[in-house]
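Take a look at the letters that make up each chain.
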Amino acid sequence: MEGPELVNSLRQLVISFEPYLRNASSYEQAQEVLLNLEAHDENFHRYQFVSQLRAKIDESLGGLIEDEFERFSMSQGSDVASDQKTVVQKVTDRVLKSREFENLTHYLRTNVSQAAQTLQNNFEQEFGSGRHGPDFEDVRDKRHSNEMDANMSFSSSYPGSLMFMNQDQAQKLAEELDPHRSLEDRQCSLHTLCSLAPLDVVASDQWSDIRRGLLAALEDPDLNLATKSLKFIAQGFSTVTSQTKELYLLLVDYLVDLCKKNLSRLKNGVDVRKSEHIRIIRSFRLLNEFQLIVPSYWIRCPEILVEQVIESTLKLFSMQHVSTVASSVTNIPMTALHLMALIDPKAMWFNKWMHGSYSRIPLLQKLDGQKKIIENAVKHCLEFTASRKIPFDLMSDISDTLSRVSNSDGHRMHYTRHEMDYIYFIHSLNLLGKLLCHKEGRKFFPIKVKDISEPISITKFLCSLIQLIVDPGNLVTVKYNPVSQQFDPGILVTDMLKVLCIHHDVTILCKDEVTNTLLSPISHWLDDEDTGGHACPESAYLHIADILAQLAASSQGRQHLLYGEGQDRFTRTKSSAAHIIADFAKKAINYDLPGDFAAPPSTIVTGSFVYICRQLYNTCEGLLAMNAYELHTTLAEALNEVSRELDMASTPTPGSDSGSDIDDPKKLSIWSDTLKDNLLNFAATPKGVLLLQQTHTMPECVSYMYSRYRNKLQVSKCEKFGYGTMVSQLAATAAGMVALRQSGFIQSIINNTWTVLECGLDDSPVFHGKIWAVEPVYKDAHKQLINLLKVLTSYAAVYEVLHEQPLPSHENYTFRQMPNTVIELIDRLVFVDKDIKIHSLFNYEQSHVFGLRMFGIIMSCLDTFLLIQSQYKIQEMLLSCQEANSINDRDIILDMLSFERNYILVKTYLIGGPSERVIPPRSISEDSSVSFPYPLFSTYPVPREYVPNVAGRSAMKQVGDSLEVPSSPTFSSEENELSHFLHETKNSVYESDWMERCRKTFGHLLETKPEQAKGHVMQELLEKVLESATNKQDEMTFPLITYSDEPPGTDSSLRSFNLTPVQELGVKIAVRYGMHLKLLNSGSDASENLTHLLKQCGHYLQQQQRGGSYSTLRFLRTKTYPGFDWFASTIFLLMNGNLDRSWRFLYQFSMLIASGYLWLPRLHRSVHMPTGLMTSGILPVFSSTGHNVELVLQSEFPLIYSAFRMSGYNVAQICENWLRQCFWNYLDWMDIVHYICVCILMGIDYQVYMCVAILKHMQQDILQHLQEQDLIIFLKEEPLRGFRVGEHLNFMKQLEKKFRKTILSDMQNISKP
């Protein structure tokens, strides 16, 4: 590395620096790039200087490095491999400190400095114009091997140069570019310019003269001269700075002059074999390339550059040539955008310029002054749609004109004027479509167009475009090849409208005129009207369905389809688009469409319109509007028919005709899957689950869902989330749980859980061990926990899989033995009470904690706890484990298992709202000075630390010790406006306005002084309200069955009636709660009275039940209601344990519609419900209350509704959990009483408003826990802290005004789904 050889290699390296130096905005940035040149330059290791340097290092230090490695290898032996990094560091340190390295650096520093000095002293000679030598050419060739297409393209990449131009040289170049100089001088000058940095040329003082010369060169008849000038401009476009605009303005000015001279000559089309046409196409190609690149650099440029670029571009594109002589070819004026459309038919330049606000705002502002561009585009689109003619198989080689004018490569050489007009239509369509996506762009409409009297509105424009789909006219006679399909007018308009549909503001499409135009072929078909024109092809119906499906995917679009333009929500009108679509889909499935209009639609078309219906009925409001069409029944019947045809197709018979479309087994299978998919989507709502279950196709649909879930397929093209919500909805019902279990879905979840916790089925080697879990339930296990909870939080689901299912009993458990059922998983993870079970787990503590955590959450449902405790004695098992985990039978060891067991023991023993019991944490608090402030225990009852004193709380306190209503009208300190009202009107409860006055009085008290709404006042209120309601015929829904009023114990059938173990255990819990609240005086008497009350209620309701032996559901096969009667127990406590008053109330209350929603056992297998509804096992509290809660949330609180959808959990399931147990463990006693009084007095629809108010109260917590991915855990375990019924009563009244008409009528219609 010395002498001329080093100088040459260093020169080559310096030349390669130029692009990086030009792109650098500062000295520091340039220095940073050069110091890291190896990372930026892919040719770095090919440079001669780098190769010489590497060889010199090898020669000087190679032997030393090898010796050092050998020395370390001999001294450390095999440890080298295990500590390679340390060895390399040590060898490097030794080499850097060696004398050889010091000599090498001195040698290199000296020689390279001398070579650099040589280059600096002879800079002009070494780096001057044309003196780069072969080394530079090599670098240029490597870096820019694909510089530009010699025929058409002018890429922004250009051969760089390090030549610097002084003022004299710039003046000389300007003079040589003068049009009066010889052609040779001008070519030499342009050659020199192309070797200079274009931006330096623009910045010179002679730029104005050079610009004139360049413009003259561009316009020169010599094509070579113009080409070199374009190359110079292309080089300047490689970077975008403030000087770049000068080159762009130069190109635009040239194109303006070019269009003035040549637009009139292009009236018959463009032929790229002609030199003048080549010049035009090349120039527009270069212009378009810069337009597509420059938006990436807008933000770096000053605003004046952006404005000038946009203004000059619009000036060019507004140019047009209007012939004064009528043309035989076309009446459309030729514009500059015709030529741009040849280069960019999809108007990508406009899309990019409209993307960011930095360029969109000035572009729209400048467009306001150049409205001719928009006017021409709108007019051309309208004229094309009016004619509906496509020019000679556009973009294909079928046309005689086109087949004869292509080169050997198959590239188009000639475009006719008709074709240019059509390409301009495509360009205009895309430009206007992007314009309509933005609010400011829509302000250009309505727009006045030449030769059209009335201004063109957006609606009129869209309806005109839609005609290309619904009434294609002559377009249907053209046969396209695959290349031209993308330019089909129907497809183009469909794509444009679909883009508008997915935009945030779809109001421009939510117009009755637009949807009516779209649906006109459907309406004509339904009405059997022959329009006298061409029948719509199948593709037209598919385009219509695609647009409507995309529209239905947005909330605004869905509301428009359901109710029409300007209609309020829940306003039912048969003329809305949804009803037309549903009617068409139903008749198409049943082959009931009028046959004279057209041939029956194919299953593809029918499925497309059913899919639109599905997007509507998989929401609560959509199902409400479309329920009358009973599409679930239609789809189920079609599925059964297809199943029969598939069976017949699998066993063909002689003489059968299998040539028809519907008889094709493959098409039949696809149609069958389509029907299952659409039926399955009824399960997206609570009422839809009931409808699906009544079709008896739930098992098939769930099996289909599981097959798609197993293959990780999305729900559909327009739905973002998977099947989590549907699984959760299905698992909330007994029938759904059975279907999930039979399909293999439950087993899959269990197997996945076991694989994450313990091991999988395969024995593939593990190269990396699992990350040691820090949390009791780590991330991977948490996901499986959520999946299990989604299917096990409903009591009906748990009952189906656990009722009368004993724990497995095995003598041996192996590590590889994987559980497949819920009971097997519980046996392995929860009831780990034997050494053999402990030793069968790889991760005993983590797995056991997982099982206990899961059990603790699902037992938040009190019915589930009672079932598990009565069958498996979970509390006794946990207590014995705590005892076994103690030291000297006294102090229990603090670990995560003992904390988890303690949590469950306290939680399942104590009943109460947020202020009525203390639930211990599951871990040690880091902030507490005490490791764990609560005592652990191994025997019941729980320590007093968990039981707060509620004796003096006004929330619980009744009036004295008396169990009867005081006879005196004076209530001293307990006097309030409600008690005064009840006393004053005790003889007028049958008056028509008494109920309304009572509602106002009660509401005012609850809102102002809720603490006074307690005790005997609530007892008397409920009895008076019941007395008034049962006297009105319209209030009584169910008949009052005659029942013996004989003294307790005299009815033999009643004496033979026995409570189930679940109910007996529930009695103990309810009495314990009443004693804790000081509502009951004697525990033994209260237990006896409550037991008798439950027997009386059970016996009375049993007389109104159908037999359940026929049902396959365990939930319906029991003689009595399978859960505990929490409502009757609540009334019992509210009446201070008075048996007679409690029974009288329940007996009279059973006539009211409210009893079907508050008193769950009331409608269990009830004869008052249709057989199909009764056999479903789905109670109205889920299918009606839960459904309507989701309905209100979707309308009023979309954030909460979306949170549930995203979490995969559903609103109806948690609401059913709350309502099933009358909010026990979730609200304090006073609020539970207020809830019952509000629902009975104000109307049963207040049950829905109550749930909505609770969810609104918890909105921030819901959104937070959605982010933490534990929403289902939070909702199940946490009480409703801070919620008071009175504080939210005004909000409930607002909901009543808005939704009562819809919700109350739905809830009163209890006999229909």
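Residues numbered from 1 in each chain as written. Predicted model: local features only at pLDDT ≥ 70, side-chain atom pairs only at ≥ 80, totals over all residues. Heavy atoms only, no water.

### Looking at helix α65 (residues 1246-1257)
So the rule is basically this: Labels follow the DSSP assignment, with helices taken as runs of H or I lasting at least four residues and strands as runs of E lasting at least two, numbered in each case from the N terminus. To estimate the expected span of a helix, count its residues, drop one, and scale the result by 1.5 Å. Only protein chains enter the accessibility calculation, which uses a 1.4 Å probe. A residue is then buried if its area is under 20% of the maximum for its type, exposed if over 50%, and partly exposed in between.
Along its twelve residues, α65 runs 16 Å from first to last C-alpha, staying within 8% of the 16 Å computed at 1.5 Å per residue. Among the residues making up α65, those that are buried are Tyr-1246, Gln-1247, Val-1248, Tyr-1249, Met-1250, Cys-1251, Val-1252, Ala-1253, Ile-1254 and Leu-1255.

### Some words on the pattern of salt bridges
Quick reminder of the rule: Criterion for a salt bridge: a side-chain nitrogen of Lys or Arg within 4 Å of a carboxyl oxygen of Asp or Glu.
Per the counting criterion, the structure on display carries 34 salt bridges. Here Arg-922 ties to Glu-900 by a salt bridge, and the two come within 2.6 Å at their closest N and O atoms. On the criterion of sequence distance, the pair formed by Arg-922 in the loop between α49 (896-909) and α50 (977-984) and Glu-900 in helix α49 is long-range, its members being 22 residues apart. Judged by its relative accessible area of 18%, Arg-922 falls in the buried class.

### Some details on the nonpolar core
A general tendency of soluble globular proteins is for nonpolar side chains to be buried together. Spelled out, the test is: Buried Ala, Val, Leu, Ile, Met, Phe, Trp, Tyr and Cys residues form a nonpolar core when they are joined through side-chain atoms within 4.5 Å. Any two residues whose heavy atoms approach within 4.5 Å at even a single point are treated as in contact.
By size, the foremost hydrophobic cluster in this structure holds 393 residues, and its most contacted members are Phe-284, Leu-316, Phe-461, Phe-609 and Phe-1223. Excluding its chain neighbours within four sequence positions, the residues that come into contact with Phe-284 are Leu-255, Cys-259, Leu-316, Phe-317, Ala-336, Leu-339, Met-340 and Ile-343. Membership of the second largest hydrophobic core comes to 14 residues, among which are Phe-17, Val-33, Phe-49 and Leu-119.

### A short note on helix α68 (residues 1289-1308)
Worth spelling out the cut-off: A residue's bend is given by the angle between axes fitted to the 7 residues ending at it and the 7 residues starting at it.
Relative to the 28 Å expected for 20 residues at 1.5 Å per residue, α68 spans just 22 Å between its end C-alpha atoms, considerably shorter than the ideal helical length. At Phe-1299, α68 shows its largest kink, close to 80 degrees. Taken as a whole, α68 has its buried residues at Leu-1289, Phe-1291, Met-1292, Leu-1295, Phe-1299, Thr-1302, Ile-1303, Leu-1304, Asp-1306 and Met-1307.

### Remarks on the side chain of Gln-550
Counting through the fold element by element, Gln-550 comes out in helix α30 (residues 538-552). Residue Gln-550 is classed as buried on the basis of its relative accessible area, which comes to 17%. Every residue in contact with Gln-550, bar those within four places of it in the chain, is listed here: Lys-498, Cys-501, Ile-502 and Cys-718.

### Focus on the packing of helix α12 (residues 183-194) against helix α15 (residues 223-236)
This is how it is decided: Comment: axis = line fitted to C-alpha atoms, over the contacting stretch for helices; angle = value between 0 and 180 degrees taken between N-to-C directions. Any angle that falls under 35 degrees is termed roughly parallel, while one over 145 is termed roughly antiparallel, one within 65 to 115 roughly perpendicular, and all others oblique. The sense of a crossing depends on the near helix, which, turned anticlockwise from the far helix by less than a right angle, makes the crossing left-handed and, turned clockwise, makes it right-handed. Under the grouping applied here, Gly and all other residues not named as nonpolar or charged are polar, the nonpolar ones being Ala, Val, Leu, Ile, Met, Phe, Trp, Tyr, Cys and Pro and the charged ones Asp, Glu, Lys and Arg.
The N-to-C vectors of α12 and α15 enclose an angle of 20 degrees; their axes lie 9 Å apart at closest approach. Accordingly, the angle class assigned to the pair α12 and α15 is roughly parallel. In this structure, α12 crosses over α15, and the sense of that crossing is left-handed. Where α12 approaches α15, its residues Leu-183, Arg-186, Gln-187, Leu-190, Leu-193 and Cys-194 are matched on the opposing element by Asn-224, Leu-225, Lys-228, Ser-229, Lys-231, Phe-232 and Gln-235. The class makeup of the residues in the contact of α12 with α15 is six nonpolar, four polar and three charged.

Everything listed here is a matter of coordinates, which is why it stays silent on function.
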